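For reference, the chains in residue letters:
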Amino acid sequence: MLSVETYPTLAEASQAMTDRSRFLAGGTLVMRAVNYGDQGFDRIVRARQVDRDIRTESGGLRIGAGATMADVLASRDAALLHVVAARIGGPAVRNMATVGGNLFAPNPYGEFTTALLALDAQVVGVNGQTTPIESFLSGRAHHRGLIAAVTVPRVSEGDFRFLKATRIKPKGVAIMTIAATLTRGDTRLAFGNMGPTPLRAKSAERALNNATLDERGIAQALEVCTQDLQPADDPLASSWYRREVAPVHLKRLLLNGGRR
Amino acid sequence: MPKTPLTFTLNDGEVAVFVDPGASLIDVLRRGVGDLTPKQGCAQGTCGACTVLIDGKPHLSCLTLAETVEGRRIDTTAGLAGGPNLHPLQKAFMEGFSAQCGFCTSGMLMASKALLDRTPNPTRDEVIEAISGNLCRCTGYEPIVDAILSAAQQGGAR
Amino acid sequence: MTIHKGRGFACINYPIGMNLGGDPAQALVHSTPDGKFMVALSAIDLGQGMKSVTRQIAAETIGVPVEDVYVDTADSDTGPHDMGSFASRGTHRVGNAVIRASAEARKQMMEAAAEELEVNAADLDTDGKGNIHVKGAPSRSITVAETAIAAQFKQGRTLAGRGIFLIPPSEANPETGEQTPVTCFAHAALVVEVEVDDETGDVEVTAINSAYEVGRALNPKLVEQQLIGGAWMGVSHALYETTEPYYPARDHGPEDFNTYLMPGPGQIVPHHIAVLERPAEDAPFGGKGPGEMCANPVLPAVANAVYNAVGVRCDRLPITPEKVLRGIRANGGARPKGRA
């Protein structure tokens, strides 16, 4: 039998978490599991205190984990991420789904997290401890404790690119998501739904670091872009197809801003 | 298992109910309150038939933990018409042959009401985006998009 | 990278209903004391307009305003027997049963009115507005409501009718195999235009042009609605929908509507429709109804359009980007088949 426990603060909620509990933020993941009788947990834990604050700090942008995709879209400070939040779900999902929840969203979801990976974000735990998002993702399956916020280093808007390849328009889940920060000498390229978690394509990053963004300049990056990825078969596309079209989508992202 | 007392506003009326732990808002609306206008299509958040407005914004009532709406305002299709007078969106849907089986209609109406309340004169693309989380199996969407645009032209933001 | 345009054609002759077991449909019609008529069916309206069309048919046959007819469907415990809503049979089979039931109810209504007006029932007619009058003498009239009251409270008579439509079984000729499997056919021809991306295999339908021969269009707006919605479903079947994406392997079946794909509202396709009305002899007021063929010809037309665009012949549905891309690779590149 399910129980719901509501705590005043996130810290107290965090203390109450056990192996048999799930933390409820926007509900899009947890309530779906509840509706389908998921026996993996029997306690829902929530906190009255929800951090939906989005603000610019000295190091960059801080987004409270409770901020919804709609909150991101309403924030001028988060303008860089509008292109990402706008491509998640339909309006109702965007009013519910949170940035914190997206960090744990399984495939084919997790577009926001893919963008955060390309932006070299930090994940801030309830105790204030920060973890680079890449380490957070590699240990995600065994993660304990609640997330308070994410912080995103300042990136110039022109350097950030985002593409979500879908078959259904305007709202469809991703065949793959690509996010790139094209800072010269420090390129970060992340793929979503191309492995168990969003992954960096590090070989392609190296090839792009000092490349000119034209057909010749990016050729090497396209060649190696799937080397560090582990795409799987799913209902949307096979692993073969994902490997075949990843360079196509990457080329379009780099040369045309994602348009075909 | 102890139930939780819950009060909220539903279409201008006050509602007080006791809810089971883990109950979704749509369960409370349909079984607890008897408002059958939100439809449960998938219970996964992928069809939009259960769309209601919470404080004026569209939400999926199947994925909303009921007790999170304490003190908030819920709008459902049951509250759209004013007595015998249909809401302009309902009228436009009727005149535009925008429903066949009707299962998506309630969610479509709430998603489009949320749009017109904020954007009284939307573009076609804005309409499409507004209903993008709502599946329709019968119409091919075109009559629905046309009806929403037509309601907007007739002052659908009421 | 190139976007290749393609155009595909398909046509269809589609049987209305089935022969097996006679394909029966039944209807019961009766009047309430205030002169409204209730049509009881077990046929199902799942959005295709069965209730609207049978209501029109009953009103036309009884000779009363459509507002005065109610249709109650789909309770097989309490309603008369019907085979169901499938095989594109609704308008034709159920409509015919409704005509028969309504004709009997009209006959009784006219007899009751004749008794009140003290004339021969054969000399009476309805005006379709709720009145029954003596032919050539419109002032000698009685309302349908008054007739119903008189029938039920004075004459002790019901205004009711029973109708069944049954196809005579057609046995196969043992020598030739010849038989008459259906009573009539509907017809359509359809042209689909697509764009195919030769780097990703993505196919987008960009236009549909169709001509449908459905007998008389009993309710033209409902026919249009069926044809537009049905074509959408045809596109969906052609390009998107599957429960077994790796068939014959059963792996990775979709578990929700995010992974069971259907085109979204951003993929509305301009669909130009010509409805050709050729009333069918054995159909209710000539109407055969659109039925399943709203969707069916779209599938081969899309397959042909993909072939026309890039030279890839897909004979397994749905035509996914992966199948198209594999086909393009196998052919050593896109092989457009002529001017689209």
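Computed from a predicted structure; not experimentally measured. Chains are numbered independently. Their residues run from 1 in the order of the written sequence. All chains are assigned letters beginning at A, and all ligands numbers beginning at 1, according to the order in which they are written. Two thresholds apply to this predicted model, a pLDDT of at least 70 for residue-level local features and 80 or more for giving and counting side-chain atom pairs, whereas whole-chain, interface and lining totals are computed over all residues.

What about the overall build of chain A?
- Of the regular secondary structure elements, chain A holds eleven helices and twelve strands.
- With respect to the principal axes defined by its C-alpha atoms, chain A has extents near 60 × 45 × 30 Å.
- Here chain A holds 260 residues, and 53% of them are scored as buried.
- For the purpose of contact definition, each residue receives a C-beta atom placed from its backbone, and two residues are in contact when these atoms lie within 7 Å. Residue pairs in contact within chain A that sit at least 24 positions apart in sequence constitute 57% of those at least 6 positions apart. Secondary structure counts use DSSP, requiring at least four H or I residues in a row for a helix and at least two E residues in a row for a strand, with both numbered from the N terminus. Any residue with 12 or fewer other C-beta atoms within 10 Å of its own C-beta is exposed, any with 20 or more is buried, and the rest are partly exposed; the C-beta atoms used are placed from the backbone.

Remarks on the overall build of chain B
- In terms of regular secondary structure, chain B is built from five helices and five strands.
- Ordering the α and β elements of chain B from the N terminus gives β-β-α-β-β-β-α-α-α-α.
- When we talk radius of gyration, it's over C-alpha atoms, and the globule rule is simply 2.2 Å times the number of residues to the 0.38. The C-alpha atoms of chain B give 15 Å as radius of gyration, which agrees with the globular expectation for 158 residues (15 Å, within 12%).
- Along the three orthogonal principal directions, the C-alpha set of chain B runs to about 50 × 30 × 25 Å.

Observations regarding the packing of helix 1 (residues 50-62) of chain C against helix 2 (residues 90-117) of chain C
Residue and element names in this part refer to chain C.
- Remark: helix 1 packs on helix 2, axes separated minimally by 8 Å, with the N-to-C direction vectors making an angle of 30 degrees. Crossing handedness for the pair helix 1 and helix 2: right-handed. On helix 2, the residues that touch Met 50, Val 53, Thr 54, Ile 57, Ala 58, Thr 61 and Ile 62 of helix 1 are Gly 90, Thr 91, Val 94, Gly 95, Val 98, Ile 99, Ser 102, Ala 103, Ala 105, Arg 106 and Met 109.
- Residue polarity is assigned by list, with Asp, Glu, Lys and Arg as charged and Ala, Val, Leu, Ile, Met, Phe, Trp, Tyr, Cys and Pro as nonpolar; anything else, Gly included, falls into the polar class. Of the residues belonging to the contact of helix 1 with helix 2, the class tally is eleven nonpolar, six polar and one charged. Angles here are taken between N-to-C directions and fall from 0 to 180 degrees, while the axes themselves are lines fitted to C-alpha atoms, restricted in helices to the stretch in contact. Crossing chirality is assigned from the near helix's rotation relative to the far helix, an anticlockwise turn below a right angle marking it left-handed and a clockwise turn marking it right-handed.

Here's the deal with the domain arrangement of chain A
- Reported domain spans reflect what an automatic or database domain assignment gives. Per the domain assignment, the segments of chain A are domain 1 (3-47), domain 2 (54-153) and domain 3 (157-256).
- With centres defined by C-alpha atoms, the gap from domain 1 of chain A to domain 3 of chain A works out at 34 Å.

Regarding the environment of Ala 147 of chain B
- Looking at the secondary structure, you find Ala 147 of chain B in helix 5 (residues 142-153).
- Along the sequence, Ala 147 of chain B and Gly 96 of chain B sit 51 residues apart, while their C-alpha atoms lie 5.7 Å from each other.

Quick word on unusual backbone geometry
- Cis geometry marks the peptide bond from Asn 107 of chain A to Pro 108 of chain A; its omega dihedral reads 5 degrees.
- On the secondary structure map, Pro 108 of chain A appears in the loop between helix 6 (99-102) and helix 7 (111-118).
- That bond from Leu 317 of chain C to Pro 318 of chain C is cis: its omega, -10 degrees, falls within 30 degrees of zero.
- Following the sequence through the fold, Pro 318 of chain C ends up in the loop between helix 5 (298-310) and helix 6 (321-330).
- Phi is positive for Ala 43 of chain B, close to 60 degrees, though the residue is something other than glycine.

Details of the pairing of strand 9 (residues 185-197) of chain C
All names here are of chain C.
- Strand direction decides the pairing type here: strand 1 (residues 3-15) and strand 9, joined by 13 bridges, are antiparallel. Directly across from Lys 5, in strand 9, lies its bridge partner Glu 195.
- In this description, strands pair whenever DSSP reports at least two bridges between them. Examined bridge by bridge, strand 9 and strand 10 (residues 203-213) share ten bridges and lie antiparallel to one another. Its bridge partner lying in strand 10, Glu 193 is registered against Ala 207.
- Hairpin geometry of strand 9 and strand 10 is characterised by an intervening segment of five residues between the two adjacent antiparallel strands and by a positive phi of about 80 degrees at Gly 201.

Regarding the nonpolar core
- Counting residues in each nonpolar core, the largest one holds 219 residues, and the members touching the most others are Val 150 of chain A together with Val 298, Val 302 and Val 306 of chain C.
- Residues in contact with Val 302 of chain C, not counting those within four places in the same chain, are Gly 8, Val 192, Val 194, Val 205, Val 235, Ala 238, Leu 239 and Ile 319 of chain C. Under the definition applied here, buried Ala, Val, Leu, Ile, Met, Phe, Trp, Tyr and Cys residues are grouped into a nonpolar core through C-beta atoms within 7 Å.

Brief notes about helix 5 of chain B
- In a helix, the anticipated span is given by 1.5 Å times the number of residues less one. Its twelve residues place the ends of helix 5 of chain B 17 Å apart at the C-alpha level, agreeing with the 16 Å of an ideal helix rising 1.5 Å per residue.
- Residues of helix 5 of chain B that are buried: Glu 142, Pro 143, Ile 144, Val 145, Ala 147, Ile 148, Ala 151 and Ala 152 of chain B.
- Considering only its buried residues, helix 5 of chain B is in contact with helix 2 (88-95), helix 3 (105-118) and helix 4 (124-130) of chain B together with helix 4 (220-239) of chain C.
- Count one or two residues on from helix 5 of chain B and you reach Gly 155 of chain B, which has phi positive near 75 degrees.

Quick word on the interface of chain A and chain C
- Across the contact, 18 residues belong to chain A and 20 residues belong to chain C.
- In the side of chain A that touches chain C, the residues fall into nine nonpolar, two polar and seven charged.

Quick notes on the sheet that holds strand 11 (residues 186-192) of chain A
All names here are of chain A.
- Read across the sheet, four strands follow the order 9-10-11-12 without closing on themselves; strand pairing throughout is antiparallel. Both outer strands of the open sheet, strand 9 (160-166) and strand 12 (199-200), are each paired with one neighbouring strand and no more.
- Pairing geometry for strand 9 and strand 10 (residues 174-183), over seven bridges, is antiparallel. For Phe 162, the partnering residue across the bridge sits in strand 10 and is Ala 179.
- In this fold helix 7 packs onto strand 9, strand 10, strand 11 and strand 12, with an angle of close to 25 degrees to the strand it touches most, strand 10.

Examining the interface of chain A and chain B
- Contacts between the two partners involve 21 residues from chain A and, on the opposite side, 26 residues from chain B.
- Mapped onto the side of chain A that touches chain B, the elements with two or more residues apiece are strand 1 (3-7), helix 2 (30-35) and helix 5 (91-96) of chain A.
- Classifying every residue of the side of chain A that touches chain B by side-chain character gives twelve nonpolar, seven polar and two charged.

Topic: the confidence of the model for chain B
- What pLDDT reports is the predictor's confidence in each residue, on a scale of 0 through 100. Residues at a pLDDT of 70 or more form 98% of chain B, whose mean pLDDT is 96.
- The complex model carries a pTM of 0.95, and its ipTM stands at 0.96.

A look at the domain arrangement of chain B
Residue and element names in this part refer to chain B.
- Along its sequence, chain B is carved into domain 1 (4-79) and domain 2 (88-153).
- Taking the mean C-alpha position of each, domain 1 and domain 2 sit 21 Å from one another.
- Taken residue by residue, the interface counts 15 residues in domain 1 and 13 residues in domain 2.
- Sorting the residues of the side of domain 1 that touches domain 2 by element identifies strand 3 (51-54) and strand 4 (57-60) as the ones contributing at least two each.

Some thoughts on the packing of helix 2 of chain B against helix 3 of chain B
Residue and element names in this part refer to chain B.
- Two elements in contact, helix 2 and helix 3, have axes separated by 10 Å at closest approach and are oriented at 130 degrees. The orientation of helix 2 with respect to helix 3, classified from their angle, is oblique. Handedness of the crossing formed by helix 2 with helix 3: right-handed. Contact residues: helix 2 offers Leu 89, Gln 90 and Phe 93, while helix 3 offers Thr 105, Leu 109, Ser 112 and Lys 113.
- Split by residue class, the contact of helix 2 with helix 3 holds three nonpolar, three polar and one charged. Comment on the angle field: the value is read as roughly parallel under 35 degrees, roughly antiparallel over 145, roughly perpendicular from 65 to 115, and oblique elsewhere.

Brief notes about the environment of Phe 86 of chain C
All names here are of chain C.
- With respect to the helices and strands, Phe 86 occurs in the loop between strand 4 (69-72) and helix 2.
- On the neighbour-count criterion, Phe 86 (12 C-beta atoms within 10 Å) is exposed.
- Taking the C-alpha atoms as reference, Phe 86 lies 7.7 Å from Gly 17; in sequence the two are 69 residues apart.

A word on the sheet that holds strand 1 of chain A
Residues and elements named next belong to chain A.
- If you trace the three strands from one edge of the open sheet to the other, you get 1-3-2, paired in parallel fashion. Of all the strands in the sheet, just strand 1 and strand 2 (21-23) have a single pairing partner and so form its edges. Geometrically, the sheet is characterised by an average inter-axis angle of 25 degrees between neighbouring strands, direction not taken into account.
- Note: strand 2 against strand 3 (residues 43-47), three bridges, orientation parallel. Opposite Ser 21, over in strand 3, you have Arg 43 as the bridge partner.

Focus on the environment of Phe 41 of chain A
- Relative to the assigned elements, Phe 41 of chain A resides in the loop between helix 2 and strand 3.
- Those residues in contact with Phe 41 of chain A that lie beyond four places of it in its chain are Arg 20, Ser 21 and Arg 22 of chain A.

Some points on helix 1 (residues 25-33) of chain B
All names here are of chain B.
- The complete set of buried residues in helix 1 reads Leu 25, Ile 26, Val 28 and Leu 29. Buried residues in helix 1, looked at end-on, bunch into an arc of 170 degrees, giving them a common side.
- Buried residues in helix 1 make contact with strand 2 (13-19).
- At the exit of helix 1 stands Gly 34, carrying a positive phi of roughly 85 degrees. Working note: the arc is built from the helix axis to C-beta atom directions.

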